Amino acid sequence: MASPKMYSVPEISCEHCVTAITAEVTQVPNVASVEVNIDARTVTVQGGKSSQIVAAIDEAGYDAARIRGAATAEQQLDDGVVRVTRWTFPPGSETGAHVHQYDYVVVPITDGELTIEADGETTVAPLSIGVSYQRGKGVAHNVANDGDAPVAFVEVELLDN
Ligand code: NI
């Protein structure tokens, strides 16, 4: 079974919140358990899709943000022309918000989905092994894996642009 997903829900304050959130999240497909912690103001969920869990907590009347760990960056090459970094995203991890200083190419080395947070919008980007894509300098976003399997890609930054 996949590891539990944890959400920060700052407005949790009482048993009423616990009842309302539990009732909504329990209805999300494939959710096996829901645990609401009033003191920590967190909701821990076993099973279910993250986007649907956030929507269910919203339906109960609360804002929820997934609590994620850090993706890992392994720099493989920097010769002054290109910088090559392997990014690995365990389930429930993120890069943190960043701004790209250079044009770059992403080469997925797993299939999967990444959650992209930019300008207050959340989108989901599918990845396919070996299907590369390019983005321009100045891109600002947070990149996360809200799925249940690890996701990884190699990033190639073009330093002399
Ligand atoms: Ni990025």
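Remember, predicted model here, so these are calculated numbers, not experimental data.

(A) Layout of the coordination of the nickel ion. Donor atoms from the polypeptide that bind the nickel ion are His98 (NE2), His100 (NE2) and His141 (NE2), placed at 2.0 to 2.1 Å. Take His141: its relative accessible area is 12%, and that puts it in the buried class.

(B) Expanded view of the domain arrangement of the protein. When its domains are assigned, the protein resolves into domain 1 (5-67) and domain 2 (69-158). Between the C-alpha centres of domain 1 and domain 2 the distance comes to 28 Å. The interface of domain 1 with domain 2 comprises five residues on the first partner and six residues on the second. Here domain 1 and domain 2 share an interface that buries about 350 Å² over both sides, 32% of which is from carbon and sulfur atoms. Across the contact surface, domain 1 and domain 2 share two salt bridges.

(C) Representation of the pairing of strand β11 (residues 112-118) in the model. Inspection of the sheet shows β11 paired to strand β12 (residues 121-127) by seven bridges, in the antiparallel sense. Counterpart to Ala118 in the pairing with β12 is Glu121. Connecting the antiparallel pair β11 and β12 is a turn made up of two residues, with Asp119 showing a positive phi of about 55 degrees. Two strands pair when backbone bridges link them, and β11 and strand β14 (residues 140-145) are joined in this way by three bridges, in the antiparallel orientation. For Glu117, the partnering residue across the bridge sits in β14 and is Asn142.

(D) Inspection of the sheet that holds strand β15 (residues 151-158) at higher detail. An order of β6-β7-β15-β10-β13 is seen for the five strands of this open sheet, with the pairing classed as antiparallel. Of all strands in the sheet, those with a lone pairing partner are β6 (72-78) and β13 (133-135), marking the two edges. Between one strand axis and the next, the sheet turns through 25 degrees on average, direction left out of account. Relative to strand β7 (residues 82-89), β6 is paired through six bridges, and the arrangement is antiparallel.

(E) Up close: the packing of aromatic side chains. Across all of its chains, the model carries two aromatic pairs by this definition. Relative to Phe153, the ring of Phe89 has its centre 5.5 Å away and its plane inclined at 40 degrees; by these criteria the two rings are tilted. Taken together, the residues Phe89 in strand β7 and Phe153 in strand β15 connect sequence positions 64 residues apart. For the pair Phe89 and Phe153, one class covers both residues: buried. One aromatic cluster is present, formed by Trp87, Phe89 and Phe153 through successive ring pairs.

(F) Highlighting the side chain of His100. Its location among the elements puts His100 in the loop between β9 (98-99) and β10 (103-108). A distance of 3.1 Å separates a polar atom in the side chain of His100 from a polar atom in the side chain of His98. Within the local environment of His100, its side chain forms a polar contact with the side chain of His141, the two groups lying 3.1 Å apart. The residues touching His100, leaving out its near neighbours within four places in the chain, are Gly136, Lys137, Gly138, Val139, His141 and Glu155.

Rules of the game
Residues numbered from 1 in each chain as written. Predicted model: local features only at pLDDT ≥ 70, side-chain atom pairs only at ≥ 80, totals over all residues. Heavy atoms only, no water. Donors = N, O, S within 2.8 Å, 3.2 Å for Na, K, Ca; no water. Buried < 20%, exposed > 50% of the residue type's maximum accessible area, 1.4 Å probe, protein only. Domains from an automatic or database assignment. Contact = heavy atoms within 4.5 Å. Buried area = accessible area lost by both parts, 1.4 Å probe. Salt bridge = Lys/Arg side-chain N within 4 Å of Asp/Glu carboxyl O. Pairing = 2+ DSSP bridges. Helix = DSSP H or I, 4+ residues; strand = E, 2+ residues; numbered from the N terminus. Axes fitted to C-alpha atoms, helices over the stretch in contact; angles between N-to-C directions. Phe/Tyr/Trp six-rings, centres within 6.5 Å; stacked < 30°, edge-to-face > 60°. Polar contact = N/O pair within 3.5 Å; in protein donor to acceptor, adjacent residues only side chain to side chain.

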